[in-house]
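# A look at the structure
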Amino acid sequence: MTAAVLADPVAAASAAAETPSLIGLSRAALGDALREAGVPEGHVRMRSSQIRHWLYFRGLTDFSAMTNMSKALRETLAERFTLKRPEIVTEQVSQDGTRKWLLRFPPRNAGRPVEVETVYIPEERRGTLCVSSQVGCTLTCTFCHTGTQRMVRNLTAEEIVAQILVARDRLGDFPDAEARQGAVVPSEGRLVSNVVMMGMGEPLYNFDNVKEALLIAADGEGIALSKRRITLSTSGVAPLIPRSGAEIGVMLAISLHAVCDELRDVLVPINKKWPLAELLDACRVYPGLSNARRITFEYVMLKGVNDSLAEAKQLVRLLKGIPAKINLIPFNPWPGAPYECSDWERIEAFADVVNRAGYASPIRTPRGRDIFAACGQLKSASERMRKVERDAAEIALGH
Ligand code: SAH
Ligand code: SF4
């Protein structure tokens, strides 16, 4: 690099942003990166395993603390790679303890930095992190706030994994860290015990990166979550459902929301491409499907639109033969949304029909509605927060 380039702050910043990270690399890719950095072939496996432990289990952001490696190697790695976290633009905490972060990542050819939201939902016995897969979404489900946001780009595997690491940083969920004072967290087990790909974006439209990231989340030498505690939610990209089961092997959730094609074409327009019959056929052959490993069908309750008891009965007929759990989601409103949430009595009556047919049908308690963190409320453009409010939040975070 020439001195002239270094003297230009914009070029220097963009060069820094382009320094490759070791976070989010597959085992093979991490091995290649180490080889290129001069690690001898006979050491690559051991070093890669040590580094994964430092990055994902211990949460290090600095090579200098990797004490089981020589100083020279640590320096070489620090010259070539970064472990930098994304910038936390805001952190909001709901009255119910739900936390939402707005994270900013470097542009990576998208013109300007991109922002996504990640949500942490603490419960008595688990802490669920709702992770985004894309900036915006190409799909336009009519009840979803993210669907009104222009799709900017896919997130990289690094950026998907980074959302988990940031949450663990902020909660104090790494082994050497103290749990964060005042944070609402589960009373037992890990603070981030479950990951759901239910944030912004359609994860199966970013298959390769989501796959790499989830394999790291499940890697016993890394974040080490059981695959049963990781769920991928899709709006219905039927042709990729078998690959998702075979190559990623996490739990599957399907955003169903309607029991006939006519209505589903409107609510979840991807249905025009892969209609119900095709989607459910793909579910029937989902690898690893059994009564112990059921598919979750998500059904958003929209008043007067999809919430009749006749539709509840049709839902039961439709899922016949598929080991399933039905998750009823009270619609979460957002400014300008063309729907209302069904009445509570109707949601319970709907759940009763489904229950009597032998399906578990939990009604999802809306969480974090006061900070727009509930299902379908995520959107990263700064429309909701005026700049002054955002600046105040940044000051509070110490930026
Ligand atoms: N794109 C993926 C995952 C993200 S959405 C998908 O569609 O499955 C996570 C869940 O929230 C989906 O079931 C989605 O349909 C649901 N959802 C979207 N908007 C919602 C809203 N306003 N209220 C309640 N649930 C919503
Ligand atoms: Fe995209 Fe899922 Fe929202 Fe549909 S529900 S617009 S697929 S994020």
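Bear in mind the structure is a predicted one, so any value in this text is a computation, not a measurement.

## A short note on the pattern of salt bridges
Under the counting rule described, the total for this entry stands at 26 salt bridges. Across the salt bridge formed by Arg35 and Asp32, the nearest N and O atoms sit 2.7 Å from each other. Residue Arg35 and its partner Asp32 are located together in helix 3 (residues 27–36), separated by three residues, close to a single helical turn. Overall, the relative accessible area of 36% leaves Arg35 in the partly exposed class. By relative accessible area, which is 38% here, Asp32 ends up partly exposed.

## Brief notes about the pairing of strand 3 (residues 114–122)
Among the nine residues in strand 3, nine count as buried, and that is most of the element. Judged by which residues are buried, strand 3 turns out to be covered on both faces: Val114, Val116, Thr118, Tyr120 and Pro122 on one side and Glu115, Glu117, Val119 and Ile121 on the other are all buried. Of the strand pairs in this sheet, strand 3 and strand 4 (residues 127–130) are connected by four bridges, and their pairing is antiparallel. Each bridged residue has a counterpart across the sheet, and for Val119 the counterpart in strand 4 is Cys130. If you look at the hairpin formed by strand 3 and strand 4, you'll find four residues sitting between the two strands.

## A short note on the site of ligand 2
Every residue close to ligand 2 is listed here: Cys137, Leu139, Cys141, Cys144, Gly147, Gly201 and Ser235. Here the shell around ligand 2 is built from residues that sort into four nonpolar, three polar and no charged.

## A short note on the pairing of strand 9 (residues 251–255)
Strand residues, when the strand is regular, have side chains that alternate between the two faces of the sheet. For strand 9, the tally of buried residues reaches five of five residues, placing the bulk of the element in the interior. Here strand 9 shows no split at all, with Met251, Ala253 and Ser255 on one side and Leu252 and Ile254 on the other all buried. Bridge count between strand 8 (residues 230–234) and strand 9: four bridges; the pairing is parallel. Residue pairing in the sheet places Ser233 in a bridge with Ala253 of strand 9. Once you follow strand 8 into helix 8 (residues 241–248) and on to strand 9, the crossover reads as right-handed. Here strand 9 runs beside strand 10 (residues 295–301); their pairing, made up of three bridges, is parallel. Within strand 10, the residue paired with Ile254 across the bridge is Phe297.

## Some details on the site of ligand 1
Phe143, Gly201, Ser233, Ser255 and His257 are the nearest of the 22 residues found near ligand 1. Here Ser233 contributes a side-chain N or O atom positioned 2.7 Å from an oxygen atom of ligand 1. In this structure, Ser255 approaches ligand 1 through a side-chain N or O atom, which is 2.6 Å from an oxygen atom. Classifying every residue of the shell around ligand 1 by side-chain character gives eleven nonpolar, nine polar and two charged.

## Regarding the sheet that holds strand 8
An order of 1-2-3-4-7-8-9-10-11 is seen for the nine strands of this open sheet, with the pairing classed as mixed. Strand pairing shows two members of the sheet lacking a second neighbour, strand 1 (87–93) and strand 11 (324–330), which therefore form its edges. Averaged over all pairs of adjacent strands, the angle between their axes in this sheet comes to 20 degrees, without regard to strand direction. Bridge count between strand 10 and strand 11: seven bridges; the pairing is parallel. Directly across from Glu298, in strand 11, lies its bridge partner Asn327. Contacts from helix 6 (residues 157–171) reach strand 1, strand 2 (99–105), strand 3, strand 4 and strand 7 (194–197) within the one sheet, and its direction differs from that of strand 2 by about 130 degrees.

Basis of the calculations
- Residues numbered from 1 in each chain as written.
- Chains lettered and ligands numbered in written order.
- Predicted model: local features only at pLDDT ≥ 70, side-chain atom pairs only at ≥ 80, totals over all residues.
- Heavy atoms only, no water.
- Salt bridge = Lys/Arg side-chain N within 4 Å of Asp/Glu carboxyl O.
- Helix = DSSP H or I, 4+ residues; strand = E, 2+ residues; numbered from the N terminus.
- Buried < 20%, exposed > 50% of the residue type's maximum accessible area, 1.4 Å probe, protein only.
- Pairing = 2+ DSSP bridges.
- Near = heavy atom within 4 Å.
- Nonpolar A, V, L, I, M, F, W, Y, C, P; charged D, E, K, R; others polar.
- Right-handed = clockwise from strand over helix to strand, strands pointing away.
- Polar contact = N/O pair within 3.5 Å; in protein donor to acceptor, adjacent residues only side chain to side chain.
- Axes fitted to C-alpha atoms, helices over the stretch in contact; angles between N-to-C directions.
- Contact = heavy atoms within 4.5 Å.

By themselves, these are just geometric observations and shouldn't be taken as functional.
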